[in-house]
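If you want the building blocks of each chain, they are given just below.
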Amino acid sequence: MSTDRVWPSGVAKVVLPETDSTMAEAQRRLGDLAGPTWILALRQTAGRGRRGRAWQDPQGNFAATLIRKSDEPPARLALRSFVAALALHDALADLTRLPEAFALKWPNDVLLNGGKLSGILLESHGPGILSLGIGVNLHSAPERDPEAAFPPVSLRQETGLVIRPEQLLDRLAPAYETWEERLRTYGFDPIRTGFLRRVARLGEPLVARTLKDEFHGTFDGIDDNGALILATAEGRRAIPAADIFFP
Ligand SMILES: O=C(O)CCCC[C@@H]1SC[C@@H]2NC(=O)N[C@@H]21
């Protein structure tokens, strides 16, 4: 059984006790949605991560997908990755009152005390249709994937704080609309500025691993499309997609 509610912003929410993946759920419900909708699942049995990895989702953790339709081109839609990361950072900082404990890691992870607290996955389910999936280890961290750049951590284990998934969604959804409105009104500049204020290791050495290559350099910001700028021995290089490691 699902509960459907609509916030004053007009954004709807659906809460499910269990589903395979909120990304799959969003895709299945696409034809029925009247407008932007958050789908929150209290348990996922087949969560999806970036690059085809599985996302483990122990009970008590946050798993939700925001689905929106828009007439913007794909590169512009993809900037919502940063909108979502900023909104999540702000919602967590606000709920915990521990803003200094959180940092962003390019492109969109939230770190807590240096460990990976959350992951964000973007999928397009047709032209102009964007699903933004957000997973947060509120209650417990999954086992460490040996290939992962950062150890997973949970909010409860790191801070002792217990935050329920619905509580987080009720902060996250309005925070998302605030950053979305900034992007629509002023373009990417305030998003980039907000991101760089919260990001870890700006100006410090990084390793960026793409599917084919590994680049070493200094983290020098992000460009207009959100690509990572790395200052390398060969010059500045824009990297659109990579896994980031801190040496
Ligand atoms: O690999 C990552 O860092 C991204 C993980 C994204 C996980 C979330 S949980 C909610 C939504 N549903 C999924 O199946 N995946 C995303």
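Residues numbered from 1 in each chain as written. Predicted model: local features only at pLDDT ≥ 70, side-chain atom pairs only at ≥ 80, totals over all residues. Heavy atoms only, no water.

### Digging into the pairing of strand S6 (residues 62-69)
Most of S6 sits out of view: seven of its eight residues are buried. Two elements, S6 and strand S11 (residues 129-136), share eight bridges in a ladder whose sense is antiparallel. The residue of S11 that forms the bridge with Lys69 is Ile129. (Buried < 20%, exposed > 50% of the residue type's maximum accessible area, 1.4 Å probe, protein only. Helix = DSSP H or I, 4+ residues; strand = E, 2+ residues; numbered from the N terminus. Pairing = 2+ DSSP bridges.)

### Notes on the packing of helix H5 (residues 165-186) against helix H6 (residues 189-198)
In the contact formed by H5 and H6, the axes pass within 9 Å of each other and the chain directions differ by 135 degrees. If you check the angle between H5 and H6, you find them oblique. Residues Trp179, Arg182, Leu183 and Tyr186 of H5 pack against Pro190, Ile191, Gly194 and Arg198 of H6. Residue classes in the contact of H5 with H6 are distributed as five nonpolar, one polar and two charged. (Axes fitted to C-alpha atoms, helices over the stretch in contact; angles between N-to-C directions. Parallel < 35°, antiparallel > 145°, perpendicular 65-115°, else oblique. Contact = heavy atoms within 4.5 Å. Nonpolar A, V, L, I, M, F, W, Y, C, P; charged D, E, K, R; others polar.)

### Comments concerning unusual backbone geometry
Of the consecutive residues Trp106 and Pro107, the connecting peptide bond is found in the cis state with omega at 0 degrees. With respect to the helices, strands and loops of the structure, Pro107 is situated in the loop between strand S7 (102-105) and strand S8 (109-112). Positive phi is not limited to glycine here, since Arg51 has a value of about 55 degrees. Its location among the elements puts Arg51 in the loop between strand S4 (47-48) and strand S5 (54-55). Take Arg51: its relative accessible area is 37%, and that puts it in the partly exposed class. With phi around 60 degrees, Arg97 is a residue other than glycine that occupies positive phi space. Locating Arg97 in the fold gives a position in the loop between helix H3 (80-96) and S7.

### Structural notes on the domain arrangement of the chain
As assigned here, the chain comprises domain 1 (12-198) and domain 2 (205-245). One C-alpha centre belongs to domain 1, the other to domain 2; they are set 23 Å apart. With 15 residues of domain 1 at the interface, the matching set in domain 2 holds 18 residues. Considering only the side of domain 1, the residues that lose the most area to domain 2 are Arg51, Trp106 and Arg192, jointly responsible for 51% of the buried surface there. If you look at where domain 1 meets domain 2, you find four salt bridges. (Domains from an automatic or database assignment. Buried area = accessible area lost by both parts, 1.4 Å probe. Salt bridge = Lys/Arg side-chain N within 4 Å of Asp/Glu carboxyl O.)

### So, the site of the ligand
The environment of the ligand is made up of 19 residues, and the closest members are Ser21, Gln44, Arg48, Arg50 and Lys116. Contact between the ligand and Arg48: an oxygen atom at 2.6 Å from a main-chain N or O atom of the residue. One of the side-chain N or O atoms of Lys116 is found 2.7 Å from an oxygen atom in the ligand. Protein chains shield 97% of the accessible area of the ligand, which is 410 Å² for the free molecule. Listing elements by their share of the shell around the ligand, those giving two or more residues are helix H1 (22-29), S4, S6, strand S10 (118-124) and S11. (Near = heavy atom within 4 Å. Polar contact = N/O pair within 3.5 Å; in protein donor to acceptor, adjacent residues only side chain to side chain. Areas by Shrake-Rupley, 256 points an atom, 1.4 Å probe, with all protein chains shown as cover.)

### Comments concerning the sheet that holds S7
The strand order S7-S8-S9 describes an open sheet built from three strands, whose pairing is antiparallel. At either margin of the open sheet sits one strand with a lone partner, and together these are S7 and strand S9 (115-116). Here four bridges tie S7 to S8, and the two strands are oriented antiparallel to one another. Paired with Phe102 across the strands is Leu112, a residue of S8. On top of the sheet, H3 reaches S7 and S8; it is set at about 170 degrees to S7, its chief contact.

### Observations regarding the side chain of Lys105
Looking at the element boundaries, Lys105 is found in strand S7. In contact with Lys105, not counting residues within four places along its chain, are Leu111, Phe150, Phe195, Val199, Ile244 and Phe246.

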